[in-house]
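Chain residues, written in single-letter form:
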Amino acid sequence: MLADLQKALDQRQADGLLRQRRLLDSPQAEHIEMNSQQFLSFCSNDYLGLANHPTLIATMQEATGKAGVGSGASNLITGHHRYHDDLEKQLAQFVNMPAALLFSTGYMANIGALGALAGRGDAIFADKLNHACLNDGSYYSLADFHRFPHNDTEALEKLLKASKARRKLIAADAVFSMDGDLAPLKAYLALCEQYDAYLYVDDAHGFGVLGEHGQGSLNHLQLKSPRIIMMATLSKAAGIAGAFIAGEQVVVDYLIQAAKSYIYSTPAPPALSATLSASVTLIEQGDALRKRLQHSIATLKKHLDLNTWQLMPSETSVQPLLVGSNQAVLQLSEYLQAKGILVPAIRPPTVPKNTARLRISLSAAHSEADVIKLAQAINEAERELACRVM
Ligand SMILES: *Cc1c(COP(=O)(O)O)cnc(C)c1O
């Protein structure tokens, strides 16, 4: 086995696909210290700049003093603290859903919820560009797994029409994590009504960013239905960690009994929930932050001046620059890094072949000057690198 593993690593290295962890020596922010160097960063999903917010730091310290550092037991034994419970109620109210259930991470929420809501004899219909953990949740559920081309409502309808499954779930990212575009959730919900299916929406990148007061994609698209189950992580715009499922009370009640990643796992520390409560309040009051984020997006679009590379259509904080080849995107990322700017190169298998891209992630914490600096560096990089790569 060990020799096999080494061979697999060598192959990845040869294909330009070996991934490396970099060492962060500062809080997560727009200006960071990485591998002992200062960088302007467009890498984090901390879209509102809350990951190092003084109010949240103070809340965490205070809550730790009151509730300690560990949860000590799973939720169904003695680990369900009032801070966890208060946060669930606050989240449900914030996203305008009957109930919410807290998980430690988005990954665990998707695995646990899909695994509980679908099983043998059921079917999950999933966008091909869905986040990996929606796929893993679907595999884990043992339901029939049908993938349809990105945002292709017609293909989805054909699959639904042909399905004889007992229970049908449509699963999709609301905002696609590597593309930044939105799923046609309104059309999906209409299909749910027509084919007696349910809509499972992963709003990792819409929560806190889109909709009134940052309520998320469902509010942005004005969608409400007992057929909707939503998931959002609290590790992105909320700036901390954790995730929740929101939906009908019966869905949450059932997940408490049946979602294994909920039942057989210790909840995150209660102090984290108290801090998340403060974060949700900041999100709710954060219209000014969202305005700054929108300004960053507009500034980037205005100042990029490119011939071959292009920004993919997105109105969200995720602004991918389509470059194409793995080598070219790596060169671009390294070029920017040499100028003190960090932007991740995203390559297959995270995205389809020949669509390697720079995933520019904008935050309310970026200044206009930060964004202009990035745009100008990319413009220069294209002039210097594009011809060399072709
Ligand atoms: C980040 C992400 C997740 C996972 O959330 P974590 O809390 O980081 O585990 C799930 N779905 C999507 C679409 C994501 O982008």
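Residues numbered from 1 in each chain as written. Predicted model: local features only at pLDDT ≥ 70, side-chain atom pairs only at ≥ 80, totals over all residues. Heavy atoms only, no water.

A. Layout of the overall build of the protein chain. The helix and strand inventory of the protein chain stands at 15 helices and 14 strands. Rg of the C-alpha trace for the protein chain: 21 Å, near the compact-globule value of 21 Å for 390 residues, within the 12% margin. Dimensions of the protein chain, computed from C-alpha atoms along their principal axes, come out at roughly 60 × 55 × 50 Å. The 390 residues of the protein chain split such that 53% are buried. In the protein chain, 71% of the contacts between residues at least 6 apart in sequence involve partners at least 24 apart. Accessible surface, the protein chain as shown: approximately 18000 Å² in total, 52% of it carbon and sulfur. Between the mean site of the 35 positive side-chain charges and the mean site of the 38 negative ones, the protein chain shows a separation of 4 Å. (Helix = DSSP H or I, 4+ residues; strand = E, 2+ residues; numbered from the N terminus. Rg over C-alpha atoms; globule rule 2.2 N^0.38 Å. Buried < 20%, exposed > 50% of the residue type's maximum accessible area, 1.4 Å probe, protein only. Contact = heavy atoms within 4.5 Å. Areas by Shrake-Rupley, 256 points an atom, 1.4 Å probe, with all protein chains shown as cover. Lys, Arg positive; Asp, Glu negative; His and termini not counted. Charge placed at Lys NZ, Arg CZ, Asp CG, Glu CD.)

B. Structural context of the domain arrangement of the protein chain. By domain assignment, the protein chain separates into domain 1 (23-48 + 286-389) and domain 2 (69-284). Each of domain 1 and domain 2 has a C-alpha centre, and the two are 28 Å apart. Contacts between the two partners involve 22 residues from domain 1, matched on the other side by 21 residues from domain 2. Counting each side, the surface lost to burial between domain 1 and domain 2 is near 1500 Å², with a carbon and sulfur contribution of 57%. Of all residues in domain 1, Tyr47, Arg290 and Thr316 bury the most surface against domain 2, accounting for 30% of the area lost on that side. Inspection of the region where domain 1 meets domain 2 yields 1 salt bridge. At the boundary of domain 1 and domain 2, one finds 13 residue pairs in polar contact (both at pLDDT 80 or more). Within the residue set of the side of domain 1 that touches domain 2, elements represented by two or more residues are α13 (287-303), β11 (318-324) and β14 (356-361). Looking at the side of domain 1 that touches domain 2, the element that brings in the most residues is α13, giving 3 residues. Here the residues of the side of domain 1 that touches domain 2 are counted per class, giving 10 nonpolar, 6 polar and 6 charged. (Domains from an automatic or database assignment. Buried area = accessible area lost by both parts, 1.4 Å probe. Salt bridge = Lys/Arg side-chain N within 4 Å of Asp/Glu carboxyl O. Polar contact = N/O pair within 3.5 Å; in protein donor to acceptor, adjacent residues only side chain to side chain. Nonpolar A, V, L, I, M, F, W, Y, C, P; charged D, E, K, R; others polar.)

C. Representation of the pairing of strand β6 (residues 168-173). The buried fraction of β6 amounts to 6 of the 6 residues, a majority that puts the element mostly inside the structure. Here β6 shows no split at all, with Lys168, Ile170 and Ala172 on one side and Leu169, Ala171 and Asp173 on the other all buried. The pairing of strand β4 (residues 123-127) with β6 spans 4 bridges and is parallel. Bridge pairing links Ala126 to Ala171 in β6. (Pairing = 2+ DSSP bridges.)

D. A look at the environment of Leu114. Here Leu114 lies in helix α5 (residues 106-117). Sequence spacing of Leu114 and Gly137 is 23 residues, and the spatial spacing of their C-alpha atoms is 5.3 Å.

E. Inspection of empty space enclosed by the protein at higher detail. Within this structure, the stated rule accounts for 2 cavities of 30 Å³ or more. A volume near 160 Å³ is recorded for the largest cavity. Forming the walls of the largest cavity are 20 residues, and the residues nearest its centre are Leu102, Phe103, Ser104, Pro267 and Ala268. Looking at the lining of the largest cavity, the element that brings in the most residues is helix α12 (residues 270-284), giving 3 residues. Of the residues that constitute the lining of the largest cavity, the class distribution is 10 nonpolar, 9 polar and 1 charged. Its volume calculated, the second largest cavity comes out at about 80 Å³. In terms of lining, the second largest cavity is formed by Ala29, Glu30, Ser41, Phe42, Cys43, Ser44, Asp46, Gly49, Ser361, Ser363, Ala365 and His366. For the lining of the second largest cavity, the per-class residue count stands at 4 nonpolar, 6 polar and 2 charged. (1 Å grid on protein atoms, 1.4 Å probe; cavity = no way out; pocket = protein on both sides within 12 Å on 5 of 7 lines; lining within 4 Å. Points joined across faces, edges and corners; volume = space filled by probe spheres on them.)

F. Geometry of the site of the ligand. Contacts to the ligand come from 14 residues, most closely from Gly106, Tyr107, Asp202, His205 and Lys236. Within the side chain of Lys236, one N or O atom sits 2.6 Å away from an oxygen atom of the ligand. Every element with two or more residues in the shell around the ligand is listed here: α5 and β8 (228-233). Looking at side-chain class alone, the shell around the ligand contains 4 nonpolar, 7 polar and 3 charged residues. (Near = heavy atom within 4 Å.)

G. View of the packing of aromatic side chains. Using the criterion set out here, one finds 5 aromatic pairs in the structure. Relative to Tyr188, the ring of Phe148 lies with its centre 5.9 Å away and its plane at 85 degrees, an arrangement referred to as edge-to-face. Taken together, the positions of Phe148 in strand β5 (residues 144-148) and Tyr188 in helix α8 (residues 185-195) put the pair 40 residues apart, joining distant regions of the chain. Assigned by exposure class, Phe148 and Tyr188 land together as buried. Consider the rings of Phe207 and Phe244, whose centres lie 5.4 Å apart with planes at 70 degrees: the pair is edge-to-face. Note that Phe207 is positioned in the loop between β7 (197-202) and α9 (217-220) and Phe244 in strand β9 (residues 243-247), a separation of 37 residues in sequence. Of the residues examined, Phe207 reaches a relative accessible area of 0% and is grouped as buried. With a relative accessible area of 0%, Phe244 lands in the buried category. Taken together, the ring pairs in this structure connect Phe94, Phe207 and Phe244 into an aromatic cluster. (Phe/Tyr/Trp six-rings, centres within 6.5 Å; stacked < 30°, edge-to-face > 60°.)

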